[in-house]
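Geometric and topological summary
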Amino acid sequence: MSEALDTDKLEREVKSMYQDVAESANAEFHFETGRDLAVRLGYDPDDLDYVPDAAIDSFAGVGYYFDLAELESGADVLDLGSGWGMDAFVAGLHVTETGTVTGIDMTTEQVEKATDLATNNGFHNLTFREGYIEDLPFADASFDAVISNGVINLSAEKGTVFEEANRVLKPGGRLALSDIISEQQMPESIKSDADLWAACIGGAEQVDSYTSLIESAGFDLVEVQENTEYEFISEQAANACQKYGVKSISLAAIK
């Protein structure tokens, strides 16, 4: 990680940006949000019909990974960086009422809103907790699967995130996620820009380094695929993508 990056500022930028996403679904960001994006990425419209509209409107994921997650009925799932909960709601449908989904997010407002949406829409198997994905407040071997969508790139301690994910997974548990990576090393001017970190670009790890961090944390990589339907929409973000090969991938790994 670049020493030039002010991690406290990064946290403020990330919280601010995703609070704006939550409160202003029609505002302009570096990235798309909402149902059209979700469907294009691969989410089943029939699944989305069961998800609260407010959670879908605030969806800012970067890919679809549920085909890789292979969630089964009765599984206990942890969603890293759950936001308003769209992926947690979809996961809840997959594990049915015999399973559980726990979402963790560092933003108080996101956790409160997701909790309200779950309670008011009858998702009794969903729980949302405030906390950091680098320091998970859960016991070892607590979950059958860990999922995440467009969040780990926002962390300045990605290796720690994967180590924590491995710790809380049961033996044989599965990690499935979508995230932003780069094909080339980006310059310090981008990696130290908190706004571009919050936009999922500045913190994009080179793909080989990203997968190495996963394997170093104790996972066996199963599959990596590129999400060609995802694209950034601001000129600043699009330029970085073109120049440094910033793109979305989905992957699965097993503990």
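Residues numbered from 1 in each chain as written. Predicted model: local features only at pLDDT ≥ 70, side-chain atom pairs only at ≥ 80, totals over all residues. Heavy atoms only, no water.

Turning our eyes to something else, we now look at the overall build of the chain. Within the chain, the secondary structure is distributed over twelve helices and eight strands. Within the chain, the fraction of its 255 residues that count as buried is 54%. Restricting to contacts in the chain with at least 6 residues of sequence separation, those with at least 24 account for 76%. Summed over all atoms, the accessible surface of the chain reaches about 10,800 Å², with 42% contributed by carbon and sulfur. (Helix = DSSP H or I, 4+ residues; strand = E, 2+ residues; numbered from the N terminus. Buried < 20%, exposed > 50% of the residue type's maximum accessible area, 1.4 Å probe, protein only. Contact = heavy atoms within 4.5 Å. Areas by Shrake-Rupley, 256 points an atom, 1.4 Å probe, with all protein chains shown as cover.)

So, about the pairing of strand E3 (residues 126-130). Bridge count for strand E2 (residues 100-105) against E3 is five bridges, and the pairing is parallel. Residue Val 101 lies in a different strand from E3, and its bridge partner there is Leu 126. As a crossover connection, the stretch from E2 through helix H7 (residues 108-120) into E3 is right-handed. (Pairing = 2+ DSSP bridges. Right-handed = clockwise from strand over helix to strand, strands pointing away.)

Moving on to the environment of Glu 163. Along the polypeptide, Glu 163 turns up in helix H8 (residues 158-168). The class of Glu 163 is partly exposed, set by a relative accessible area of 47%. Note: C-alpha distance between Glu 163 and Glu 134 (29 residues apart in sequence) is 8.5 Å.

Listed in full, the buried residues belonging to helix H11 (residues 207-216) are Tyr 210, Thr 211 and Ile 214. Within H11, the buried residues cover an arc of 90° as seen down the axis, which keeps them to one side. Exposed side chains of H11 directed beyond 90 degrees from the buried face belong to Asp 208 and Ser 216. One or two steps after H11, the chain reaches Gly 218, where phi turns positive at roughly 110°. (Arc of directions from axis to C-beta.)

For the rest of this paragraph, the subject is H8. Counting buried positions over the eleven residues of H8 gives eight, a clear majority of the element. Considered for burial, the residues of H8 that qualify are Lys 158, Gly 159, Val 161, Phe 162, Glu 164, Ala 165, Asn 166 and Val 168.

Take the packing of aromatic side chains next. Going through the model one piece at a time under the given rule, you end up with nine aromatic pairs. Here the aromatic rings of Tyr 43 and Phe 59 are separated by 5.3 Å at their centres, their planes lie at 75°, and the arrangement is edge-to-face. Remark: Phe 59 occurs in the loop between helix H4 (53-57) and helix H5 (66-69) and Tyr 43 occurs in the loop between helix H2 (35-41) and helix H3 (45-48); sequence separation between them is 16 residues. The class for Phe 59 is buried, based on a relative accessible area of 5%. Arranged with centres 4.7 Å apart and planes meeting at 25°, the rings of Tyr 65 and Phe 66 form a pair that is stacked. In this structure an aromatic cluster arises from ring pairing among Tyr 43, Phe 59, Tyr 64, Tyr 65 and Phe 66. (Phe/Tyr/Trp six-rings, centres within 6.5 Å; stacked < 30°, edge-to-face > 60°.)

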